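Coordinates in review
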Amino acid sequence: MADAISFHPANESGRLFRDALGRFATGVTVVTTQGPAGPAGMTVNSFASVSLDPPLVLWCPARTSSRHAIFAGAAAWSVHVLGAEQLDICLRFTRNGAGFEGLELGRTALGTPLIPGVAARFDCTTEAVHPGGDHTVLIGRVAQVTVGGPDDHPLVFAAGRFGGFEAAG
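Just so we're clear, the structure is a prediction, and the values are computed from it rather than from any experiment.

On the surface, E85, D88, D151 and D152 cluster together to form a negatively charged patch. Looking at where E85 falls in the secondary structure, it is placed in the loop between β6 (76-81) and α3 (87-92).

Shown next as structure tokens:
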């Protein structure tokens, strides 16, 4: 690490901090809920497990997102873990994407919009909502899990790029 740098994030630009965070590869998900005006979805990479007993997961929508209030106030939501071949689904639910337009819309047992063919899906009821700086931390109790086939490889995001993951060896 001859070219390594160290900095305090409060003393440098947000871009430098964001680039450093980008060194950590994450999976890519689309979180869906039923909002007051219809189905809502958002591409998210801030998804993580919290607890096995009880089964809890979390994700963090930006407070500046136009969809923030819908998700922060939702009683239930579903996290869809995207497969490596589902970049098109990922892009549908970014800021200017097509969203649910043209997609066949199913529903989970909790009433949340269902995106078929994903690598895994976690249907959750909201357990807790916490402020987290410029984001909100949403913790969900997992009510139902659906897992795709054994050959489903996740879509991965790292260093500002999307890609697939193939296990070594």
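As a further point, take the sheet that holds strand β3 (residues 38-44). What the seven strands build is an open sheet, ordered β3-β2-β6-β9-β10-β5-β4; its pairing is antiparallel. Of all strands in the sheet, those bounded by a partner on one side alone are β3 and β4 (48-51). Strand-to-strand twist of the sheet, defined as the mean angle between neighbouring strand axes without regard to direction, takes the value 35 degrees.

In a beta sheet, neighbouring strands are held together by backbone hydrogen bonds and run either parallel or antiparallel to one another. On the basis of which strands lie adjacent, the open sheet formed by three strands has the order β1-β11-β12 and antiparallel pairing. Single-partner strands in this sheet number two, and they are β1 (26-27) and β12 (161-164). Relative to β12, strand β11 (residues 155-158) runs antiparallel, the two being bridged by four bridges. Each residue of the ladder has a partner; that of F157, found in β12, is F162.

In terms of nonpolar packing, the biggest core is built from 17 residues, with V31, W59, F71, W77, F122 and C124 touching the most fellow members. Among the elements of the structure, β3, β5 (56-59), β6, β9 (120-132) and β10 (135-147) are those that each provide at least two residues to this core. Formed by ten residues, the second largest nonpolar core is a distinct cluster that contains L82, C90, F93 and L155.

Cut-offs and rules
- Residues numbered from 1 in each chain as written.
- Predicted model: local features only at pLDDT ≥ 70, side-chain atom pairs only at ≥ 80, totals over all residues.
- Heavy atoms only, no water.
- Patch = residues over 30% accessible without salt bridge, like charges linked within 9 Å, V, L, I, M, F, W, Y side chains within 5 Å.
- Areas by Shrake-Rupley, 256 points an atom, 1.4 Å probe, with all protein chains shown as cover.
- Salt bridge = Lys/Arg side-chain N within 4 Å of Asp/Glu carboxyl O.
- Lys, Arg positive; Asp, Glu negative; His and termini not counted.
- Charge placed at Lys NZ, Arg CZ, Asp CG, Glu CD.
- Helix = DSSP H or I, 4+ residues; strand = E, 2+ residues; numbered from the N terminus.
- Pairing = 2+ DSSP bridges.
- Axes fitted to C-alpha atoms, helices over the stretch in contact; angles between N-to-C directions.
- Core = buried A, V, L, I, M, F, W, Y, C linked by side-chain atoms within 4.5 Å.
- Buried < 20%, exposed > 50% of the residue type's maximum accessible area, 1.4 Å probe, protein only.

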